[in-house]
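Residues per chain, in single letters:
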Amino acid sequence: ACRFLTYHKEKLYVVDMGLDCVYVLFLKDGEEQAEVFGSTGSEAGQLRDPAGLVVDNTGTMMVVDSKNHRLQLFDSKYAFCGIVKVDQPLARPSGIFLDYQRGDLFVSNYTDQSVVSYKI
């Protein structure tokens, strides 16, 4: 169930809710390349129904980990970096948007039908 796409710095990121992973597609020396990261679970670095992601200018990814009710950080080499601490609890987060110019992060919550804004 690939539902969420993000394009950043010539890479296409595809979030697969069904397989609990993220695909990264790009060209290298004119050849199509694909990499994948993520596995099913609730431990740090594992995902349950990932539901979107954003990428900052350094390549750090913030992945919406929906069924684990959290946002996880991965570096540009797909290594787990941490869990984002938020001041308002997440309730089955289901989408994410980063306003790069203003530094605002928006997260939609499925369970309580809300959108929360964070300043980063």
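Look up: the structure comes first, before these words.
What you are looking at is a predicted structure, and each value in this text was computed from that prediction instead of being measured. (Residues numbered from 1 in each chain as written. Predicted model: local features only at pLDDT ≥ 70, side-chain atom pairs only at ≥ 80, totals over all residues. Heavy atoms only, no water.)

1. Comments concerning the pattern of salt bridges
Close approach of charged atoms lets side chains of opposite charge pair.
Here's step 1: Overall, the coordinates contain five salt bridges when judged by the stated rule.
Here's step 2: A salt bridge links D49 to R92; the nearest nitrogen and oxygen atoms lie 3.0 Å apart. Of this pair, D49 sits in the loop between strand 4 (31-37) and strand 5 (50-55) while R92 sits in the loop between strand 8 (80-83) and strand 9 (93-99); the two residues are 43 residues apart in sequence, bridging distant segments of the chain.
Here's step 3: Linking K119 and D104 is a salt bridge whose minimum nitrogen-to-oxygen distance equals 3.3 Å. (Salt bridge = Lys/Arg side-chain N within 4 Å of Asp/Glu carboxyl O. Helix = DSSP H or I, 4+ residues; strand = E, 2+ residues; numbered from the N terminus.)

2. Digging into the environment of D20
Here's step 1: Within the secondary structure, D20 sits in the loop between strand 2 (11-16) and strand 3 (21-28).
Here's step 2: Taking relative accessible area as the criterion, D20 reaches 7% and is therefore assigned buried.
Here's step 3: In contact with D20, other than residues within four places in its own chain, are G38, S39, T40, L47, R48, D49 and P50.
Here's step 4: Here the side chain of D20 touches T40 through a polar contact of 2.7 Å, side chain to side chain.
Here's step 5: Separated by 2.8 Å, the side chain of D20 and the backbone nitrogen of D49 make a polar contact. (Buried < 20%, exposed > 50% of the residue type's maximum accessible area, 1.4 Å probe, protein only. Contact = heavy atoms within 4.5 Å. Polar contact = N/O pair within 3.5 Å; in protein donor to acceptor, adjacent residues only side chain to side chain.)

Taken by themselves, the reported measurements are silent on function.
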